[in-house]
Amino acid sequence: MIAVLGATGTIGRHVAAGLAERGAQARALVRDPATCDVPLPAMRADLREEASLLEALEDVDRLFLLAPHGPDQDLLEANAVDAARAAGVRRIVKISGGAPSLGPNGVSSTAVAHWRSERRIEDSGLEFCFLRSSFLMQNLLGMAPKGRIMPAPMGHMAVAMVDARDVAACAVALLLDEREQAMAWHLTGPASVTFKDVAEKLGARYVNVPPRLAAIALRRRGASPFEVDHSVRMAAYFASGADATPTNAVLDITGRPASTVDQFLATETHSTKGT
Ligand SMILES: NC(=O)c1ccc[n+]([C@@H]2O[C@H](COP(=O)([O-])OP(=O)(O)OC[C@H]3O[C@@H](n4cnc5c(N)ncnc54)[C@H](OP(=O)(O)O)[C@@H]3O)[C@@H](O)[C@H]2O)c1
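The rules we used
Residues numbered from 1 in each chain as written. Predicted model: local features only at pLDDT ≥ 70, side-chain atom pairs only at ≥ 80, totals over all residues. Heavy atoms only, no water. Helix = DSSP H or I, 4+ residues; strand = E, 2+ residues; numbered from the N terminus. Rg over C-alpha atoms; globule rule 2.2 N^0.38 Å. Buried < 20%, exposed > 50% of the residue type's maximum accessible area, 1.4 Å probe, protein only. Contact = heavy atoms within 4.5 Å. Areas by Shrake-Rupley, 256 points an atom, 1.4 Å probe, with all protein chains shown as cover. Lys, Arg positive; Asp, Glu negative; His and termini not counted. Charge placed at Lys NZ, Arg CZ, Asp CG, Glu CD. Disulfide = S-S within 2.5 Å. Expected span 1.5 Å × (residues − 1). Axes fitted to C-alpha atoms, helices over the stretch in contact; angles between N-to-C directions. Parallel < 35°, antiparallel > 145°, perpendicular 65-115°, else oblique. Left-handed = near helix turned anticlockwise from the far one by under 90°. Nonpolar A, V, L, I, M, F, W, Y, C, P; charged D, E, K, R; others polar. Core = buried A, V, L, I, M, F, W, Y, C linked by side-chain atoms within 4.5 Å. Pairing = 2+ DSSP bridges. Right-handed = clockwise from strand over helix to strand, strands pointing away.

**Student:** Which parts of the structure should I look at to understand the overall build of the protein chain?
**Tutor:** A count of helical and extended segments in the protein chain gives 10 helices and nine strands. Relative to its length of 275 residues, the protein chain is compact, with a C-alpha radius of gyration of 19 Å against a globular reference of 19 Å. Taken along its principal axes, the extent of the C-alpha atoms in the protein chain is 55 × 35 × 35 Å. Across the 275 residues that make up the protein chain, the buried fraction comes to 52%. Sequence separation of 24 or more characterises 75% of the internal contacts of the protein chain that already satisfy a separation of 6 or more. For the protein chain, the exposed surface amounts to about 12,700 Å²; the carbon and sulfur share of it is 51%. Considering the protein chain, the positive charge centre built from 29 side chains and the negative charge centre built from 31 side chains are found 8 Å apart.

**Student:** Looking at this structure, how should I read the state of the cysteines?
**Tutor:** Here a disulfide denotes one covalent bond, and it connects the sulfur atoms of two cysteines. Evaluation of the coordinates by the stated rule reveals zero disulfides. A disulfide-free cysteine, C170 has its sulfur positioned 10 Å from the sulfur of C129, the nearest such atom.

**Student:** What exactly am I supposed to notice about the side chain of Q73 here?
**Tutor:** Structurally, Q73 can be placed in helix α3 (residues 73–87). Apart from residues lying up to four places away in sequence, Q73 is in contact with A67, P68, T110, A113 and H114.

**Student:** What is the right way to look at helix α8 (residues 225–239) in this model?
**Tutor:** In an α-helix there are 3.6 residues to a turn, and that puts residues three or four apart on one side. The terminal C-alpha atoms of α8, which comprises 15 residues, lie 21 Å apart, in line with the 21 Å expected from a rise of 1.5 Å per residue. Every buried residue of α8 is listed here: F226, V228, H230, M234, A235, Y237 and F238.

**Student:** How should I be thinking about the packing of α3 against helix α4 (residues 109–124) in this particular structure?
**Tutor:** Interaxial distance between α3 and α4 falls to 9 Å at its minimum, and their mutual angle equals 15°. When the axis of α3 is compared with that of α4, the two are roughly parallel. Where α3 crosses over α4, the two elements pack in a sense that is right-handed. Contacts between α3 and α4 involve Q73, D74, E77, A78, V81, D82 and R85 from the first element and T110, A113, H114, R116, S117, R120, I121 and S124 from the second. Grouping the amino acids of the contact of α3 with α4 by side-chain chemistry returns four nonpolar, five polar and six charged.

**Student:** Sorry, what's going on with the nonpolar core here?
**Tutor:** Proteins that are soluble and globular tend to have nonpolar side chains buried together. Judged by nonpolar contacts, the single largest core of 37 residues is most densely connected at I11, V15, L19, F64, L131 and L187. Secondary structure elements with two or more residues in this core: β1 (2–5), α1 (12–21), β2 (26–30), β5 (91–96), β6 (127–133), α5 (164–176), β8 (182–187) and α9 (249–254). It is α5 that contributes the most residues to this core, nine residues altogether. Filtering out sequence-adjacent residues up to four positions away, L19 remains in contact with I2, V4, A24, A26, V172, L175 and L176.

**Student:** Sorry if this is basic, but what is going on with the pairing of β6 here?
**Tutor:** For a regular strand, the rule is simple: side chains alternate between the two faces of the sheet. With seven of its seven residues buried, β6 lies for the most part within the structure. Across the two faces of β6 the burial is the same, with E127, C129, L131 and S133 and F128, F130 and R132 all buried. Relative to β6, β5 is paired through six bridges, and the arrangement is parallel. Bridge pairing in β6 places R91 opposite E127. A crossover links β5 with its parallel partner β6, the connecting element being α4, and its sense is right-handed.

**Student:** So what exactly am I meant to see when it comes to the environment of A239 here?
**Tutor:** Note on placement: A239 falls in helix α8. Distance in space between the C-alpha atoms of A239 and M183 is 28 Å, their sequence separation being 56 residues. Among all residues touching A239, those that are not within four sequence positions of it are M154, G155 and M157.

Structure, rendered in structure tokens:
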């Protein structure tokens, strides 16, 4: 039995769909099974409630671990790892942050949280696959141009962004792989692109916003101090060019090439084009 945490989210819903398509014995672990709209049987589990995790993981062999982005992400993931170990889960496939961002002094508190969770999983003795994902192309949907302008604090360097559907396809392949696993992968698209390139593809002009102004705009929109700090730090990381190198990991894991930004935008044009 495979269990999927985060099954209603951007990545997890494609993991759930991929497992269902392959006819895998799997269930979605969700906070509200009544509203769960993914094609797997749903069982209630909350990363904040140990008892619910232990119950939902009782007969589970492999766990897809995705925790929501937030200030206590590593604590939520620790709850899942500890419950998985106690329940006899054999393998964890974890969504992690981009490989160059991670470390005990990672580029943001989320990057540090992912690094801590990876260490906890390694120390648990369970099999693991860490899917260290670059900037998700789906983030572009929230950066849609305002008229002819696409303002963002992402600098001018290229980023090897990846489609969340490719990340999910890697997770499905590794959840179903019968071979023993203990591996970390840096998942990227097939080529890196700048935000200027992306804006032009959307018929707009990219305007690089100074981080201080971006932080003010986020605060005005009601973002929490955590969200503001995370956004500004991640923008500085991508602006440094640290995540500009594409890898072959999606091809190696799934046997098919990762989607390009053009392919992604072709399927998402209606939601990304400005008016
Ligand atoms: N965005 C990026 O560029 C990027 C890049 C690399 C890595 N990541 C990592 O990807 C992860 C986010 O993935 P995503 O964008 O697919 O997430 P998402 O769309 O925000 O979805 C979050 C999921 O977590 C579930 N969830 C929230 N609180 C929960 C709780 N207490 N117990 C159980 N489930 C809970 C949500 O379910 P309900 O709300 O339906 O209950 C939802 O299914 C983060 O770990 C982030 O660091 C993101």
